[in-house]
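Here is how the chains run, residue by residue.
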Amino acid sequence: MKLNYDRKSKDPTYFIQVGIRNGKKVTTKNVERIGKHSELLKITDDPLEYAKQRVKEYNENIKNSKVEYNITVNFDDKVINQGNTVSKSTCKNTGYFYLKELYSSLGISDFFDKVCSGRKIAFNPNMINMVLTFSRILDPGSKMHTLKNLTGFYGDFDFSHQDILRFMDILEENYDEYLSHLFESSNKVIKRNTNVCYFDCTNFYFEKESEDEDVYDEITGELIKGLLKYGVSKEHRPNPIVQMGLFMDADGIPLSMCINPGSDNESLCAVPAEKKMLKMFENKDIIYCSDAGLGYNDTRLFNDFGGRKFVVTQSIKKLNSILKQAVFNDYDYRFSQDGKPASLETMKTFDRTLKENRKYYDGYIYKSILVDKLVDLGLFEVKQYKNGKTKKVKSKGNLKQRIIVTYSRKMAEYQKTVRNRQIERAKKILANMDPDNFKKGPNDVTRFIKSDKEKKNYYLDEARIEEEAKYDGFYAVATNIFDMKETEVLDIQSRRYKIEDCFRVLKTNFSSRPVYHRKENRIKAHFLICYTALLIYRLLEVKLDRNKTHFTTEQIIETLQNMNVVNCSDMYYQACYTGSDVLDSLEQLFDLKLSRKYYQPKTLNKCKKI
């Protein structure tokens with residue numbers, strides 16, 4: 001604040017003037033009239049000194065966060081049409097300031113300074129990456145959508161669509177280095193718990209009708225496989241897809257990812273992805289955890305012979321007859337809560353309505369079965385026979401593991417209920433059967449429908465239903481960990497749901513699909529941006545949880561989305577949101593003082609600096 005008056009006037013009027021920088025625009029406004037020189041002579045002998053003292057007092061009030069503005073409002077003023085077809089909101093989002101605190105702590109700006117040194121680029125890659133990341137969390141959409149809504153964020157962000165595409169090229173060129181940098185820098189923000197690494201795969205579809213063609217390199221003759229391919233999709237969409245493999249730590253924070261063609265078998269990507277991730281850990285011992293599809297023999301072998309542990313889901317239906325007999329044998333089962341011997345028959349027949357049986361209904365019984373398996377090592381050895389002849393044969397190694405089997409009465413009843421509903425749907429299909437158009441699937445309700453040899457008569461497959469009922473309530477994991485209690489191993493496997501939650505956040509909250517890019521490098525860059533958004537959000541969520549304040553994904557994102565401010569006559573900003581438990585918790589963590597009703601522009605400008 002400063003004193004403003006006409007120095008040439010014989011009877012000047014003294015005002016308190018404020019200078020306001022709002023983005024690139026600087027505005028000066030007279031916020032208070034002190035009085036005319038002749039008027040002030042009635043109360044003081046030195047009007048100029050009196051006016052200076054009033055300005056000093058005004059500045060002291062500002063330091064104490066108290067100030068009075070005299071604003072004239074004309075209710076007949078109209079909003080000005082600046083050539084817009086559609087009216088735009090003048091609210092500015094400030095919720096991203098919390099995300100920016102985490103983004104800045106990851107040192108991404110330094111990373112881009114390093115990889116772009118020596119390049120002549122006219123845009124700020126860090127700014128583009130930051131805006132695309134925050135938009136993916138707060139206002140997900142296409143890159144054009146983000147560009148169109150740049151004014152929705154508080155601050156000055158200036159770049160073009162061409163700048164975005166060039167930035168994405170730079171990002172993809174440094175794919176592995178970027179992922180490695182994010183892991184190393186995030187370890188400084190939160191101590192990463194990498195003792196257990198969870199891995200899973202998912203698919204993302206594209207707004208495209210045809211898949212990419214495979215091409216041969218003109219120089220090397222190598223076959224380069226297209227990225228967009230038709231593959232197995234749970235949603236049965238007729239669009240080409242890409243496959244994402246994601247590694248996650250024990251806290252649910254992403255560690256690394258890989259992008260593969262949609263037609264690839266997901267079981268083949270686990271080992272190559274893990275090899276890349278282990279380079280970041282400097283070959284630290286870990287426990288690899290995945291579902292059955294990603295825990296096949298090669299994955300188990302890779303970790304076991306590498307001195308690492310694994311915990312993977314094991315399908316009981318795929319066990320040999322001897323192991324199945326051991327599973328169903330009512331011997332050596334123990335109760336999960338106290339480790340005491342328990343009976344499989346008792347768990348199936350107890351009265352769950354009795355209060356004393358509630359702990360058995362909520363718990364489970366388990367037992368461990370030792371399994372040694374000869375596996376192909378991918379090597380050859382020379383075998384010599386008694387007659388002196390030799391033969392080159394494959395080398396075999398012994399993979400030591402154990403299968404931990406569990407039975408839960410609650411799970412058994414749930415699976416029975418689901419199957420009964422499927423049977424009812426199968427009966428409805430039989431009632432309106434069209435043999436010529438009937439198609440049978442291995443996992444849907446049609447698996448309960450059987451036909452004769454001529455495929456003219458169809459009926460309910462009672463033998464299939466009875467066979468499936470045998471496995472109700474049973475669950476198994478395979479592991480090479482022998483120095484840990486069974487319940488502790490099962491607890492590791494039980495946290496695997498968090499990686500499914502990561503995919504849910506990516507697809508539902510961040511709208512990472514459908515993907516509108518067609519070039520392979522832009523597609524990978526798109527998922528790197530999505531990965532960055534997921535990493536920052538998970539870091540925020542873990543920080544809140546460790547502060548003993550847990551909120552859902554929807555609650556956190558909605559709070560950040562609603563944190564908008566509106567410009568009041570270029571003099572101050574007013575909050576357009578209410579207080580909340582989420583906001584209070586965010587303030588406890590970051591202390592950005594964004595729980596106020598009013599803000600001076602300079603206060604918000606400090607928060608937005610990159």
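Residues numbered from 1 in each chain as written. Predicted model: local features only at pLDDT ≥ 70, side-chain atom pairs only at ≥ 80, totals over all residues. Heavy atoms only, no water.

Caption draft 1: A look at helix α14 (residues 409-431). With 23 residues, α14 extends 33 Å from end C-alpha to end C-alpha; this agrees with the ideal 33 Å at 1.5 Å per step. Structurally, the start of α14 carries an N-cap: the backbone nitrogen of K410 is 3.4 Å from a side-chain oxygen of S408. (Helix = DSSP H or I, 4+ residues; strand = E, 2+ residues; numbered from the N terminus. Expected span 1.5 Å × (residues − 1). Polar contact = N/O pair within 3.5 Å; in protein donor to acceptor, adjacent residues only side chain to side chain.)

Caption draft 2: Summary view of helix α8 (residues 175-189). In a regular helix each residue adds 1.5 Å, so 15 residues correspond to 21 Å; α8 covers 21 Å between its end C-alpha atoms and thus fits that length. Taken as a whole, α8 has its buried residues at Y175, Y178, L179, S180, H181, L182, F183, S185, S186 and V189. (Buried < 20%, exposed > 50% of the residue type's maximum accessible area, 1.4 Å probe, protein only.)

Caption draft 3: Structural view of the packing of helix α3 (residues 96-105) against helix α21 (residues 601-608). Look at α3 against α21: their axes get within 9 Å of each other, and the N-to-C directions meet at 35°. Here Y96, F97 and K100 of α3 come into contact with α21, specifically with L604, C607 and K608. Counted by class, the contact of α3 with α21 contains four nonpolar, no polar and two charged residues. (Axes fitted to C-alpha atoms, helices over the stretch in contact; angles between N-to-C directions. Contact = heavy atoms within 4.5 Å. Nonpolar A, V, L, I, M, F, W, Y, C, P; charged D, E, K, R; others polar.)

Caption draft 4: Summary view of the pattern of salt bridges. On inspection of all chains with the given rule, the structure shows 25 salt bridges. For the salt bridge of E39 with R33, the shortest nitrogen-to-oxygen distance reads 3.5 Å. Of the residues examined, E39 reaches a relative accessible area of 37% and is grouped as partly exposed. Between E467 and K470 there is a salt bridge, with the nearest N and O atoms lying 3.6 Å from each other. A residue is classified by how much of its surface remains accessible, and K470, at 41% relative accessible area, is partly exposed. Several salt bridges converge on common partners, so that one network encompasses D501, R504, R538, E541 and E554. (Salt bridge = Lys/Arg side-chain N within 4 Å of Asp/Glu carboxyl O.)

Caption draft 5: The arrangement of the sheet that holds strand β18 (residues 564-568) in detail. Read from one edge of the open sheet, four strands run β4-β18-β19-β20, paired in antiparallel fashion. Edge positions in the sheet fall to β4 (92-93) and β20 (598-599), since each of these pairs with one other strand and no more. (Pairing = 2+ DSSP bridges.)

Caption draft 6: Fine view of the side chain of H517. Secondary-structure assignment places H517 in the loop between α17 (497-509) and α18 (520-546). Reaching out from H517, the side chain makes a polar contact with the side chain of K143 at a distance of 3.3 Å. In contact with H517, other than residues within four places in its own chain, are K143, M168, F206, R522, I523 and H526.

Caption draft 7: Focus on the environment of N260. Structurally, N260 is set in strand β9 (residues 254-261). Separated by 17 residues in sequence, N260 and Q243 place their C-alpha atoms 5.0 Å apart. Excluding residues that lie within four positions of it along the chain, N260 makes contacts with L227, V242, Q243 and C269.

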